[in-house]
Amino acid sequence: MKLQNFTKLVESLDLTKTDKTVFKRKSVGCIILTKDLRILLQMRDENRSFPGCLSTFGGGIEAGEEPIQTLVRELYEELEVDVNESEIVNLGAITDAVSKYTELVYVYFWHDHLGTITGCYEGSPLYFDNIESAITHPKVMDYVRWLLEKCKNRGLLT
């Protein structure tokens, strides 16, 4: 699947031209590459939104937080890793059809090149050896497909 197949489902936002106050929810999501060069995603718990779906790690932005601070906090809560902000690659901001374009998601990429992830404390971790196997997973969310293609196009994943 190519990135353009998702342009109607996922909309990339130019934050300099976007009124962020119109969004009901703001959150972050992150594509993670492990030390052994596998893509790490999470299968969402049955008691959370989008149960059983394959998504990124991340979560809602709390009052007073900047998106990057939220990502660092969420990765600590979900994977118990201390991430240095300078290692995070900003991929932009999106909204999607699943949220009826009411959620603003700041999207990122992080390579755990030191192998600091020791566990997963939210959802179930799923590892993929390549983009194609992740993109074709039957429960992968559209925005994750879009992000994987974006990472590939930026040379972050092969």
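See above for the structure.
Below you will find a few notes about this structure. No experiment lies behind these values; they were computed from the predicted model shown.

**Considering the overall build of the protein chain**
Counting secondary structure elements, the protein chain contains three helices and eight strands. In terms of C-alpha radius of gyration, the protein chain reaches 15 Å, essentially the compact-globule figure of 15 Å for 158 residues. Its C-alpha atoms give the protein chain principal-axis dimensions of roughly 40 × 35 × 35 Å. Across the 158 residues that make up the protein chain, the buried fraction comes to 47%. Intrachain contacts of the protein chain at a sequence separation of at least 6 include 68% that bridge at least 24 residues. Of the roughly 8,300 Å² of accessible surface on the protein chain, 49% is carried by carbon and sulfur atoms.

**Some details on the side chain of Glu122**
In this structure, Glu122 sits in the loop between strand 7 (103–111) and strand 8 (124–128). Setting aside chain neighbours within four positions, we find Glu122 in contact with Gln42, Asp45, Arg48, Phe57 and Glu78.

**Some words on the environment of Asp96**
Examined against the element boundaries, Asp96 turns out to sit in strand 6 (residues 88–96). Spatially, the C-alpha atoms of Asp96 and Val10 are 4.3 Å apart, while their sequence positions differ by 86 residues. Beyond its immediate sequence surroundings of up to four residues, Asp96 is in contact with Leu9, Val10, Tyr101 and Tyr143.

**Let's talk about unusual backbone geometry**
Keep in mind that most residues, glycine aside, have a negative phi and that most peptide bonds are trans. Positive phi is not limited to glycine here, since Glu80 has a value of about 55°. Looking at the secondary structure, you find Glu80 in the loop between helix 1 (67–79) and strand 6. Under the relative-accessibility criterion, Glu80 is labelled partly exposed at 43%. Here Lys100, not a glycine, exhibits a phi torsion of approximately 60°, which is positive. Here Lys100 shows up in the loop between strand 6 and strand 7. A relative accessible area of 68% means that Lys100 is categorised as exposed.

**Some points on the nonpolar core**
In this structure, Ile31, Ile39, Leu41, Val144, Leu148 and Leu157 are the most contacted members of the largest nonpolar core, which totals 25 residues. Within the residue set of this core, elements represented by two or more residues are strand 2 (25–33), strand 3 (39–43), strand 6, strand 7, helix 2 (131–135) and helix 3 (142–153). If you tally residues by element for this core, the top one is helix 3, at six residues. Among all residues touching Leu148, those that are not within four sequence positions of it are Ile31, Ile39, Ile131, Ala134, Ile135 and Leu157. Core analysis: the second largest hydrophobic core is formed by 19 residues, Leu71, Ile88, Leu104 and Ile117 among them.

Rules behind the numbers
Residues numbered from 1 in each chain as written. Predicted model: local features only at pLDDT ≥ 70, side-chain atom pairs only at ≥ 80, totals over all residues. Heavy atoms only, no water. Helix = DSSP H or I, 4+ residues; strand = E, 2+ residues; numbered from the N terminus. Rg over C-alpha atoms; globule rule 2.2 N^0.38 Å. Buried < 20%, exposed > 50% of the residue type's maximum accessible area, 1.4 Å probe, protein only. Contact = heavy atoms within 4.5 Å. Areas by Shrake-Rupley, 256 points an atom, 1.4 Å probe, with all protein chains shown as cover. Core = buried A, V, L, I, M, F, W, Y, C linked by side-chain atoms within 4.5 Å.

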